[in-house]
Every structure is written in structure tokens, then in C-alpha cells.
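# Observations on chain architecture
Each chain, written out:
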Amino acid sequence: MTTAGEPVPGLDLPQRTLLGPGPSNVHPRVLRALSLPCVGHLDPAFLEVMNGTAALLRRVFETRNRLAMAVSGTGSAGMEAALVNFIEPGDTVIVGVNGLFGERMADIVERAGGRPVRIEAPWGEPLDPDDVARALAANPGVRAVAAVHAETSTGVLQPLEPLARLCREHEALFIVDAVTSLGGTEVKVDEWGLDVVYSGAQKCLSCPPGLAPLTAGDRAVEVLLGRKTKVRSWYLDLPMVISYWGAERFYHHTAPVNMIYALYEALRLVLEEGLEARFARHRLNGRALLAGVAAMGLEPFAREGYRIPMLLSVKVPEGVDDLTVRRELLARANVEIGGGLGPTRGRIWRIGLLGHSSRRENVLLVLAALEAALNRQGRRVEPGAALAAAEAVYAAAAGAAG
Ligand SMILES: *Cc1c(COP(=O)(O)O)cnc(C)c1O
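The structure reproduced in this document is the subject of the present report. (Residues numbered from 1 in each chain as written. Predicted model: local features only at pLDDT ≥ 70, side-chain atom pairs only at ≥ 80, totals over all residues. Heavy atoms only, no water.)

## Some points on empty space enclosed by the protein
Basically, it comes down to this: Cavities and pockets are defined on a 1 Å grid built over the protein atoms alone: a cavity is a set of grid points where a 1.4 Å probe fits but cannot escape, while a pocket is an open set with protein on both sides within 12 Å along at least five of seven lines, and lining residues are those with an atom within 4 Å of any such point. Grid points are joined across faces, edges and corners, and a volume is the space filled by probe spheres set on the points. We count a stretch as a helix when DSSP gives it H or I for four or more residues in a row; a strand needs E for two or more, and each element gets its number in order from the N terminus. Residues were grouped as follows: Ala, Val, Leu, Ile, Met, Phe, Trp, Tyr, Cys and Pro as nonpolar; Asp, Glu, Lys and Arg as charged; and all remaining residues, including Gly, as polar.
Here the structure, examined in full by the defined rule, presents one cavity of 30 Å³ or more. Empty space within the largest cavity amounts to approximately 90 Å³. Elements represented by at least two residues in the lining of the largest cavity include exactly β2 (67–72) and α9 (238–245). Partitioning the lining of the largest cavity into residue classes produces twelve nonpolar, two polar and no charged.

Encoded structure:
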């Protein structure tokens, strides 16, 4: 008998260009931050990183809220934290449902003991504020309205200000999913009057998945502190979590130390670029991509005027097999794009240019790869038309700037 251990294969991962609905490509500086030494979660050096992260989050959320932190867990943990903490059993909550993530919010409201009142719009369409106004009028004493800002499942961007105004008028909290929008397009928490907002690390912040930034304003904190019942989740109990992120530093659960380093570095990158410049970059690359796919004869799925600038949903053309195309993009070009979900499964593609993935070279790469894949499926696309259309957008932008 030998005591030597058996050989175990090491990890071997491909370098992909991630152009789906998330995760996005992680910036090398963020990967380096992940590999810094792990210190104790109560180490003074780490507490400083936590304070720094909260301060950076306030700037990216454009808020003066005291409560700004990262929930341990992915975007869905942020969603759950934003709902279970501010809802008590029996509370009525109006939930906008026009895609998968609105559906998930309604599910969580119910699990938290709340009574969800669903305001629906077809997938690909925004919510109608008049529907929300009617629901608020018909249900006096509504605790909160919950809506998704950038509905990643459909590509729809929901204007938030009209909904925020209605919430103020009816003294309801406004709970917003900014998982895909934060760091890619404006999320003006204070100016727009958003009470509770959560996000995710792996979309436009270009961090690996595992943390959910969250902020809440005074009105929301008042509701939280006035609860008559315990929060129905121990792990996501914000009053307890806050006493770790706040001055008391009570141990609640061990913070994912290195992930917080990564988020800190990702937020630093966002602010070094500048919010305005970053949003403009996302818009420009998004416009170039849209021009390119339109030149190939593909049709956008989300309603015009309500499209997420950095996540394009397009209809899979008649006679083209969704899965074959996506498999080919991955196998031949190392490019990942997203497919549809639920009712849009097999019917749409979702091409994300999120955070560090939002680059001209990626736009040109995905257009060229898509053109080749469509041609292989027998759908004749004029060679080079997509790239030329995208380049024309960049040239026009450079002309306007110069
Ligand atoms: C990705 C996403 C989520 C869920 O985040 P996970 O990190 O997958 O848990 C929630 N809402 C929206 C709008 C998303 O795009």
C-alpha cells in the first residue's frame, strides 16, 4: 500500500467573453483584489474596508442614506432582504410583474406572509403607472410597491420616477430591483425618491457573483424599526446585519471577506471612470450593437423607448434554432449570450454589454460571430453589413465628440 495521494485534476476554465445577462467579465483588478490575504471579519483593517465599501456604495447609488451595505449572497438574496425586512405578515404589497424577476418578487412577498397585488404587463412591455395608481387607490394602507428597474428577462427598462411619486402620495415604500441597472445606467436613489434598492455584484459592477449591494432611506428604516414581528429570515435580518456593518460591530455571520475586497475594487473602478462617462459608454456600445443586429434583419423584442441600454433582447428569426446558434457562438468564438426564459424560451436572445464587457471589440466580435452562425443556418445575411452599421455608430459618435 502506498500512502501517496491519488492525482486529482486541477481546475481548468476557458476564457470566455461574457455577453449574456450576467455574470459579466470580471476586471483584472477585481480578480487581483480577490487574491489579497484573507483577514478576520472583525480585523480593524477589514472594518475599514467595510466602511470604505459602504461609502463607495452611497456614491454609486447617488444617495445620502446611512444604510448602505452588501448583503452576503447573490442578487436574489438582495431581493429577499429588501422584501422580508420591510413586509410583515398581512401587509399588502403591489408588485409589478412583466418578467421573471417581477414574478420572483411576488413569490417572495407571499412567502414573507404578505399579500401581493400583481400589476401585470406583457413580457417586453413596461408597467403602466396608471395601473399602479388604480391599485393604490383600491387598496388603502398598502405597505409597499415593488418593481424591477431593468427587467433582465425581457430587456425592458422601467421609468421609476412616476411610480416613486405615487408611492409618496400613498405613503407606501418603493422597493426597487436595480440588479442589472446599477453601474450601467442612472439609478438616482435620492433624486428619484426610492426607499429600498438592491443590486447584484455580477452585472454592471463586473464583480464575481456573491454579493448584493443594498440601500434604504429613513422612511424605510422607520418601518423596519417599528416592526411588530420578527423578520422571517434569520440570515437576512437587517437590524442584526446592520449592527455588524454599523458602529456596534456585533458578530452576526462571517462576512465573505475577499468578496468585499472585490466589490470595493469594482466600485472604485466605477467611480474612477465616473458615473456619467460609464453610462455614456454603455449607451454607445448598446447603440452600436442594436444598429448591427438591425442590419442583419433582427428585430428587438422590448418596446422602443423602454429598452435597457446595455442589455439587448432580440427575436430569434424564423427558421433559426436558438440553441444551435448559442452553442456555436460559445464553441467557435468563446462568446456567451443569453437565451429566453419562460414564455420567451427559444424565442429571444439576450445580449448583454454589462460593465467591463461593454467594449467596442466585444460588439464587433459578437456581431461577426452571430453573422457567421446565421449564415450557417441558411439565413443569408449580407456579409459585413452588421459590422459596418456598428462602425458607423462609433464614427458618428467620434465625429460629434471631436
Ligand atoms: C440577475 C438578476 C436577479 C437575480 O440575481 P442573482 O444574482 O441571479 O441571484 C434579480 N433581478 C434582476 C433584474 C436580475 O437581472
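## Considerations on the side chain of Arg 249
Condition: Classification of residues uses two cut-offs on accessible area relative to the type maximum, computed with a 1.4 Å probe and protein chains only: under 20% is buried, over 50% is exposed, and between them is partly exposed. In summary, the charge assignment counts Lys and Arg as positive and Asp and Glu as negative, without counting His or the chain termini. We define a salt bridge as a side-chain nitrogen of Lys or Arg found within 4 Å of a carboxyl oxygen belonging to Asp or Glu. Under the rule applied, a polar contact is a pair of N or O atoms within 3.5 Å (in protein, one hydrogen donor and one hydrogen acceptor; residues adjacent in sequence only if both atoms are side-chain atoms). Note on contacts: a residue pair qualifies if any of its non-hydrogen atoms lie within 4.5 Å across the two residues.
Structurally, Arg 249 is set in the loop between α9 and α10 (257–273). Buried and unpaired, Arg 249 has Glu 248 as its nearest opposite-charge partner, separated by 7.6 Å. Of note is the side chain of Arg 249, whose polar atom sits 3.4 Å from the backbone oxygen of Gly 246. Sequence-distant contacts of Arg 249, that is, excluding residues within four places in its chain, are made with Leu 42, Leu 47, Met 50, Asn 51, Ser 243 and Tyr 244.

## Notes on helix α8 (residues 218–225)
Put simply, the rule is: It is the directions from the helix axis to the C-beta atoms whose arc is reported.
Where α8 is concerned, the buried positions are Ala 220, Val 223 and Leu 224. Down the axis of α8, the smallest arc covering the buried residues is 100°, so these residues share one side. For α8, the exposed residues lying more than 90 degrees away from the buried face are Asp 218, Glu 222 and Leu 225. Looking at the buried side of α8, the elements it contacts are β8 (173–177), β9 (196–198), β10 (211–216) and α9.

## Looking at the pairing of β8
Put simply, the rule is: At least two DSSP bridges between two strands are needed for those strands to be called paired.
The element β8 is largely enclosed, with a buried count of five among its five residues. Residues Leu 173, Ile 175 and Asp 177 line one face of β8 and the alternating positions Phe 174 and Val 176 line the opposite face, and both faces are buried. Two elements, strand β5 (residues 144–148) and β8, share five bridges in a ladder whose sense is parallel. Paired with Val 145 across the two strands is Phe 174, which belongs to β8. One ladder, built from three bridges, connects β8 with β9; its direction is parallel.

## What to know about the pattern of salt bridges
One side chain can pair with another of opposite charge once the charged atoms of both are near each other. Across all of its chains, the model carries 21 salt bridges by this definition. The salt bridge involving Glu 125 is made with Arg 303; its shortest N-O contact spans 2.6 Å. Of the two residues, Glu 125 sits in the loop between β4 (115–120) and α5 (129–138) while Arg 303 sits in the loop between α11 (275–295) and β11 (311–315), which places them 178 residues apart along the sequence. In this structure Arg 303 comes out as partly exposed when scored by relative accessible area, which is 40%. Among the ionic pairs, Arg 168 bridges to Asp 195, the shortest N-O distance being 3.6 Å. You can see Arg 168 sitting in helix α6 (residues 161–169) and its partner Asp 195 sitting in the loop between α7 (189–192) and β9, a full 27 residues away along the chain. One network of salt bridges, with partners in common, ties together Arg 29, Glu 265, Arg 268 and Glu 272.

## Focus: the nonpolar core
Spelled out, the test is: Residues belong to one nonpolar core when they are buried, are Ala, Val, Leu, Ile, Met, Phe, Trp, Tyr or Cys, and are joined through side-chain atoms within 4.5 Å.
Of all hydrophobic cores here, the largest spans 95 residues; its most connected members are Leu 83, Phe 86, Phe 174 and Leu 194. Top element by residues in this core is α10. It accounts for eleven residues. Non-local contacts of Phe 174, meaning those with residues more than four positions away in its chain, are made with Val 145, Ala 147, Leu 160, Leu 163, Ala 164, Cys 167, Gly 193, Leu 194, Asp 195 and Val 196. Counting residues in hydrophobic clusters, the runner-up holds 30 residues, among them Ala 288, Ala 386, Ala 390 and Val 393.

## Some remarks on the layout of surface pockets
When its volume is computed, the largest pocket comes out at roughly 500 Å³. The wall of the largest pocket is formed by 22 residues, among which Arg 66, Leu 67, Ile 242, Trp 245 and Gly 246 lie closest to the centre. Elements represented by at least two residues in the lining of the largest pocket include exactly α2 (44–61), β2, α8 and α9. The class makeup of the residues in the lining of the largest pocket is 13 nonpolar, five polar and four charged. Roughly 310 Å³ of volume is contained in the second largest pocket. The wall of the second largest pocket is formed by 14 residues, among which Gln 15, Arg 16, Leu 18, Asn 25 and Val 26 lie closest to the centre. Of the residues in the lining of the second largest pocket, the class split is nine nonpolar, four polar and one charged.

## Description of the side chain of Gln 202
Summarising the element assignment, Gln 202 is placed in the loop between β9 and β10. Setting aside its immediate chain neighbours within four residues, Gln 202 contacts Gly 22, Pro 23, Ser 24, Cys 207, Pro 208 and Pro 209.

## Points about helix α13 (residues 360–376)
In plain terms, the rule: Given a helix with a known number of residues, its expected span is that number minus one, times 1.5 Å.
Between its terminal C-alpha atoms α13 stretches 25 Å, which fits the 24 Å expected from 17 residues at 1.5 Å a residue. By the burial criterion, the buried members of α13 are Asn 362, Val 363, Leu 364, Val 366, Leu 367, Ala 369, Leu 370, Glu 371, Ala 373, Leu 374 and Asn 375. Looking at the packing, one finds that the buried side of α13 touches β1 (17–18), α11, α12 (322–333), β12 (335–336), β14 (348–352) and α14 (385–401). One or two steps after α13, the chain reaches Gly 378, where phi turns positive at roughly 85°.

## Observations concerning the sheet that holds β11
Reading across the sheet, the three strands line up as β11-β14-β13 and stay open at both edges, with antiparallel pairing between neighbours. Lying at the two open borders of the sheet, with one neighbouring strand each, are β11 and β13 (338–339). As judged from the five bridges shared by β11 and β14, these two strands associate in the antiparallel manner. Note that in β14 the partner of Leu 312 across the bridge is Ile 351.

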